[in-house]
Amino acid sequence: MASGSGSGSLMWFRKGLRIHDNPALERAAQSTKFLYPVFIIDPHYMEPDPNAFSPGSTRAGLNRIRFLLQSLADLDLNLRKLGSRLLVLKGEPSQVLFRCLKEWDVKKLCFEYDTEPYYQALDIKVKDHASIAGIEVFSPVSHTLFNPADIIQKNGGRPPLSYQSFVKLAGQPSWASSPLSVTISSLPPVGDVGGCEISEVPTIKELGYGDIEQDEFSPFRGGESEALKRLKESIDNKEWVAAFEKPKGDPSAFLKPATTTLSPYLKFGCLSSRYFYQCLQDVYRNVKRHTSPPVSLVGQLLWRDFFYTVAFGTPNFDQMTGNRICKQIPWNDNNELLVAWRDAKTGYPWIDAVMTQLHKWGWMHHLARHSVACFLTRGDLFVHWEKGRDVFERLLIDSDWAINNGNWLWLSCSSFFYQYNRIYSPISFGKKYDPNGDYIKHFLPILKDMPKEYIYEPWTAPLSVQTKAKCIIGKDYPKPVVPHDSASKESRRKMAEAYSLNQKLNGKVSEEDLKKLRRKLEEDSEDTKQEVKTKRMRQKLIC
DNA sequence: GTTGCGTTGGCTTG
DNA sequence: CAAGCCAACGCAAC
């Protein structure tokens, strides 16, 4: 049943779901009689999990699964325009791949290099197998602007830990400025697929997600075509590109978000970061003045590369324990607080609106992410950043292993950033941008009739106002899970204690040390409670 | 050891 | 609306 031609080449798509500027695809298409473009659906990633806290599989929320399927459908369409098609297979990726390589007598295997631990492990297996079977492998770095390994080598074997030092090491981005991969005008035909079970790109329904109800759908449509359309819309506005300053963006803007919203397309590689980079450079050349990193749009691409580089060079990057660059902090394990945060029931409308946007859209503005991440960890709830990371990883369409973990380390003051006194207020931070609370009213319609004087703190509204707004606090909308003033004060104190322990032990904090510190912190807080009690009693006596 | 800097806090004051 | 204060961190350069 095998094709028997012996001149097949296989393009294995994972990320990099695009035709444009795709070095692996370009090489796969060169001097071969047959080209097999393959995507493997891993049931572990895609199968519905009824026990998950939101619709989706065990690991991915439905919005991201939908985005991926749309991206695959678009890739298939674009491949067909070039005389090819996407071959979709199901199963454990390496098993499926090895079967295909054998069945189709593949002589050349091409896939984009991937720095994530999951692919690092998988790809070693694949490369070993290919080398034994005498199959040529081509696995270029084309997901990022730089090769993280190069940067780390330049820095003497360790990744740079500040943005500025990263930019310095990166210097002139030679690869980023190099010519794009040639535009492909046609592809070799797909050969006989033999006994391998090929399917079309499945629909959400075919994966078993039939009866999902959703009142508001994510405004993002997956795929390279959509990515290029959005890119063009962004860069056509030259003044906007030239003046872009990330921290000045409005996190509450949802009708017209303050950023390019290209992150999901970069995540899946529907858009080449190198192509994006060169489009931005084109704009910069044609305007009098433009902003610079870290705040400019090019700066944002460099942030992406920064986190990829640190993540690649740091063992156990995605956890606190065993992570060289991560402060050891006695986070709590309070599931109730975590669930309140996760399910948009903290009683702080700004926080809950942001979390609702996360559930519905799978995307929110960078600063909105900051404020909810700070609130969950070092700001108010003191819940472990890994718990928040898991929620983001599942629900974000653009969730990216390196960037997501990097930002949680950042916001929890576990690494990169250490000014734990700077806490985002769950009340005033949003108010600053959106004093009328339009963002809150959109994502939390229960509060749509709450007067703007109370919309950020509805529990302070007189009962008559609550009644008139048809929203009784504690019944229709929750009371605050914690009082921000005292909770944030307490968090500051815990951070100070944890930092001094880290300093004392030179970062070598054991689990036992953390346990001790937790006990000490609890005792201290008992003391405070006792003091308050005593004071009250004294006052009573005086009265 | 000292100094300067670090993607983007909140609050009060002039 | 900008500046200064809060209270003060780690890290790198010197």
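Being a predicted model, the structure only gives us computed values, none of them experimental.

About the criteria used
Residues numbered from 1 in each chain as written. Chains lettered and ligands numbered in written order. Predicted model: local features only at pLDDT ≥ 70, side-chain atom pairs only at ≥ 80, totals over all residues. Heavy atoms only, no water. Helix = DSSP H or I, 4+ residues; strand = E, 2+ residues; numbered from the N terminus. Rg over C-alpha atoms; globule rule 2.2 N^0.38 Å. Buried < 20%, exposed > 50% of the residue type's maximum accessible area, 1.4 Å probe, protein only. Contact = heavy atoms within 4.5 Å. Lys, Arg positive; Asp, Glu negative; His and termini not counted. Charge placed at Lys NZ, Arg CZ, Asp CG, Glu CD. Pairing = 2+ DSSP bridges. Axes fitted to C-alpha atoms, helices over the stretch in contact; angles between N-to-C directions. Near = heavy atom within 4 Å. Polar contact = N/O pair within 3.5 Å; in protein donor to acceptor, adjacent residues only side chain to side chain. Nonpolar A, V, L, I, M, F, W, Y, C, P; charged D, E, K, R; others polar. UniProt positions renumbered as here; feature names shortened; annotations may be inferred. pLDDT = per-residue confidence, 0-100. Expected span 1.5 Å × (residues − 1). Core = buried A, V, L, I, M, F, W, Y, C linked by side-chain atoms within 4.5 Å.

(A) Main features of the overall build of chain A. Helices and strands together make up the secondary structure of chain A, namely 23 helices and 5 strands. For 543 residues, the compact-globule formula gives about 24 Å, and the C-alpha radius of gyration of chain A, at 26 Å, lands near that figure. Along the first, second and third principal axes, the C-alpha set of chain A runs to 100 × 55 × 55 Å. Going through the 543 residues of chain A one by one, you find that 55% of them count as buried. Sequence separation of at least 24 residues holds for 76% of the intrachain contacts in chain A that already meet a minimum separation of 6. Taken together, the 73 basic and 63 acidic charged side chains of chain A have centroids lying 5 Å from each other.

(B) Up close: the sheet that holds strand 5 (residues 136-138). The parallel open sheet is built from 5 strands, whose spatial order is 3-2-1-4-5. On the outer flanks of this sheet lie strand 3 (87-90) and strand 5, each paired with one strand and no other. If you compare each strand with its neighbour and ignore which way they point, the axes differ by 30° on average. Pairing between strand 4 (residues 106-110) and strand 5: 3 bridges, direction parallel. Across the sheet, residue C110 finds its bridge partner in strand 5, namely F138. Running over the sheet, helix 4 (residues 93-103) touches strand 1 (8-13), strand 2 (34-41), strand 3 and strand 4 and is turned about 165° from strand 1. Along the sheet, helix 5 (residues 117-133) makes contact with strand 1, strand 4 and strand 5, crossing strand 1 at roughly 175°.

(C) Fine view of the protein's contact with DNA strand B. Taken together, 17 residues sit near DNA strand B, with P247, H370, I423, S425 and S428 positioned nearest. Counting only atoms of DNA strand B within 4 Å of the protein, the fraction found in sugar and phosphate groups is 43%. Note that a base oxygen of DNA strand B is positioned 3.2 Å from one of the side-chain N or O atoms of W303. Of all the secondary structure elements, the ones that give two or more residues to the surface near DNA strand B are helix 7 (163-170), helix 16 (366-379) and helix 19 (428-433). Looking at the surface near DNA strand B element by element, the count peaks at 3 residues for helix 19. Broken down by class, the residue content of the surface near DNA strand B amounts to 8 nonpolar, 6 polar and 3 charged.

(D) Molecular detail of the UniProt feature "domain: Photolyase/cryptochrome alpha/beta" (unreviewed entry) in chain A. UniProt records the feature "domain: Photolyase/cryptochrome alpha/beta" (unreviewed entry) at residues 7-145, using the numbering of this structure. The annotated region residues 7-145 carries 42% helix and 19% strand content, and the separation between its end C-alpha atoms amounts to 32 Å.

(E) Broad picture of the protein's contact with DNA strand C. Lining the immediate environment of DNA strand C, one finds Y418, Q419, Y420, Y499 and Q503. Each atom of DNA strand C within 4 Å of the protein was assigned to sugar, phosphate or base; sugar and phosphate come to 85%.

(F) Region of interest: the confidence of the model for chain A. The share of residues in chain A with pLDDT of 70 or more is 94%, and the mean pLDDT across the chain is 92. Every residue in residues 1-5 scores below 50 in pLDDT, and together they form 10 contacts with partners more than four places removed in sequence or on other chains.

(G) Inspection of helix 12 (residues 273-285) at higher detail. Given a rise of 1.5 Å per residue, 13 residues ought to cover 18 Å, and the 18 Å separating the end C-alpha atoms of helix 12 matches this to within 8%. Residues S273, R274, F276, Y277, Q278, C279, L280, V283 and Y284 constitute the buried set of helix 12. Those residues of helix 12 that are buried lie in contact with helix 1 (23-29), helix 8 (174-177), helix 9 (224-236), helix 10 (238-243), helix 11 (263-267) and helix 13 (297-313). Two or three places before R274, at the start of helix 12, stands the capping residue S272, its side-chain oxygen 3.2 Å from that residue's backbone nitrogen.

(H) Up close: the nonpolar core. F13, L86, W341 and M450 are the most contacted members of the largest nonpolar core, which has 140 residues in total. Here the element with the most residues in this core is helix 13; it accounts for 10 residues. Setting aside its immediate chain neighbours within four residues, L86 contacts F13, P37, V38, F39, L72, L75, D76, L79 and V201. If you look at the next biggest cluster of nonpolar residues, it comprises 23 residues, including W12, F34, L89 and I135.

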